[in-house]
Amino acid sequence: MTALTVCGLLVASTNVQAGMNNTQAAADESVDMTASINNPTCSSMDGWTATRDAGNGTDWQFMGTTYTNGSSSVSLFIERWTPWGSTLSDGMVSQTITGLDDGIYKVEVDVIATQQNTNGDNETGVIVFANADTDNSVEVSTYNGLPEHYSLQAIVSGGTLTIGMKTSSTSANWIGMDNWTLTYTGQTDAQKKAAAYQLLTDEISASETRVAASGGSNGQTAYQNVLDDIRSQMEAGSYSIDDITEVITEVKKATNQRLMADAVAAQGQTDVTHLLINADFASTASEGWTMDAWGATSYACHEFWNTNFNFYQTLVGMPEGTYTLTTQGYYRSGFNEALQNPPLALNAKLFINDSETSIMSIVDDASAATGKAGRWVDYQNGTQTPDNMEAAAYAFNNLDLYQPNESRNTVSLEVTNDGETLTIGVRKSELIAGDWVIFNQFHLLYTPNVILGDVNGDKTVNVEDVIALVNYITNGGNINQKNADINGDGTISIEDLNTLVEAINSANSSDGGEAGIAIIRQGDEEEGPGVAESKIRF
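Please read these numbers as outputs of a predicted model, since none were measured by experiment.

(A) Representation of helix H9 (residues 494-508) within the structure. Compared with an ideal rise of 1.5 Å per residue, which puts 15 residues at 21 Å, H9 spans 21 Å between its outermost C-alpha atoms and is within 8% of the ideal. Three or more residues of H9 are buried, namely Ile 494, Asp 496, Leu 497, Leu 500, Val 501, Ile 504 and Asn 505. Considered in projection along H9, the buried side chains sweep an arc of 165° and stay on one side of the axis. Facing away from the buried surface of H9 by more than 90 degrees, the exposed residues are Glu 502, Ser 506 and Ala 507.

(B) Structural context of the nonpolar core. Leu 200, Tyr 323, Leu 422 and Phe 442 are the most contacted members of the largest nonpolar core, which has 51 residues in total. When residues of this core are assigned to their parent elements, the largest contribution, nine residues, is made by helix H5 (residues 244-266). Excluding residues within four positions of it along the chain, Tyr 323 makes contact with Met 260, Met 318, Ile 352, Val 411, Ser 412, Leu 413, Val 415, Leu 422, Leu 444, Leu 445 and Tyr 446. Core analysis: the second largest hydrophobic core is formed by 33 residues, Ile 37, Val 128, Ile 163 and Trp 180 among them.

(C) Up close: helix H6 (residues 389-397). Taking burial as the measure, the nine residues of H6 include seven buried ones, the bulk of the element. Taken as a whole, H6 has its buried residues at Met 389, Ala 391, Ala 392, Ala 393, Tyr 394, Ala 395 and Phe 396.

(D) Structural view of the packing of helix H7 (residues 463-475) against H9. Running from amino to carboxyl end, H7 crosses H9 at an angle of 165°, the nearest separation of the two axes being 10 Å. One finds that H7 runs roughly antiparallel with respect to H9. In the crossing of H7 with H9, the sense of the turn from one axis to the other is left-handed. Residues Val 463, Asp 465, Val 466, Leu 469, Val 470 and Ile 473 of H7 form the contact with H9, whose own contacting residues are Ile 494, Asp 496, Leu 497, Leu 500, Val 501 and Ile 504. For the contact of H7 with H9, the class distribution of residues is ten nonpolar, no polar and two charged.

Analysis parameters
Residues numbered from 1 in each chain as written. Predicted model: local features only at pLDDT ≥ 70, side-chain atom pairs only at ≥ 80, totals over all residues. Heavy atoms only, no water. Helix = DSSP H or I, 4+ residues; strand = E, 2+ residues; numbered from the N terminus. Expected span 1.5 Å × (residues − 1). Buried < 20%, exposed > 50% of the residue type's maximum accessible area, 1.4 Å probe, protein only. Arc of directions from axis to C-beta. Core = buried A, V, L, I, M, F, W, Y, C linked by side-chain atoms within 4.5 Å. Contact = heavy atoms within 4.5 Å. Axes fitted to C-alpha atoms, helices over the stretch in contact; angles between N-to-C directions. Parallel < 35°, antiparallel > 145°, perpendicular 65-115°, else oblique. Left-handed = near helix turned anticlockwise from the far one by under 90°. Nonpolar A, V, L, I, M, F, W, Y, C, P; charged D, E, K, R; others polar.

Shown next as structure tokens:
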């Protein structure tokens, strides 16, 4: 039969979070999976497949008598029997469970296995098994009418487990089974590692999909080098389970740096909202976002009502520069009646790390429009405010209300070091009964601190920067490394010099660079290949 999954039960019962935490929970938690067994109490032959060789003994059959021995009991159980003094022919009763999560399982059952003629507990050839007929099996024997409890361990790989009882050249004349249980106890070390590696593989795949969709080529070499190195380490099995979380973070960093490379090169403000997952709530769930309180996603909006919360995404490996986050949304400071009693609190905050600004009040864009969708309530002077998610979505999308500008629903943060971590979102820590915050679209903008081509760091890009870069390539020395890595490949080379010269030529010459600066790359034996010389023509 198809079984419930361990992960499914874990999520249902403990609300385990996704990612490594969920994988570790699934790997380490003990979960009762007995419901995966069809007819575990053996109250009929339903769910069980029975075979036997010709010879002594009944077919596998249902027995309604009860036998008890301490905590072990068989009652309404499955049995085989042949008269005292004779022995049972070979046979087997079993069932195959499918859809199990791979891992280690504890299999338990109450059994009778006896020769009633001698009433001993040293009979042979009665076997309880899990999976293969001989692997993960135990030979069982009991006194007459006194059932015993047996337990064995099975390792599931491929999601399938076969359990049952069999006779093989047995000395017993009566056998029976009842009360099967199945418990997931964890994963093997190899399975834990495989699951962790799969998470890393999935992260790399998602990264490559996002990068491919973004277009552009800046930073591609450095990004690909990171992924190639990680894949090489994975193929060698070099990462431990404990390493995986850190390596996934490295993938995220490389992804963000690759996605940010074009923005860094653009020199002006650039929309980098594509770094956020589900920034427009096109998904009906809050995919991509982490929250510590219940919120609802609908109408391409997300809301929190009558609760404090922290709703955010984290971006790692971000370059220095100024980040500006905007959203379309509002905060209602209590039930609708409270809006008539100013001043109105602004408790919901739009934030980047420690920098925050208040989400605007619902009354700031109260509307006198007619024919509005959703539920609206009267405010003042013939205006109304939204009162449900449908109305909020109409206000956002049809009436263009609650938009961000320089003074509202906008927050900025200047980052002065490369590789920083940004946590962005909306939060609220002060509760007013009946308060409500709703928003529908995040935008993340970026302005780089880097001035590409300003090799000498004087805040301008000109011939002096070309000379400085030529001197650095030929002789080394001190330059602004970030500004000099013009093509964003993580190294400073002739390619950066050529790009700088072409840019200056294009900017300063109407003939596309025939006049101005010309760079001649020389590679004779005396100077060696790749040595560049700067020559200026006017």
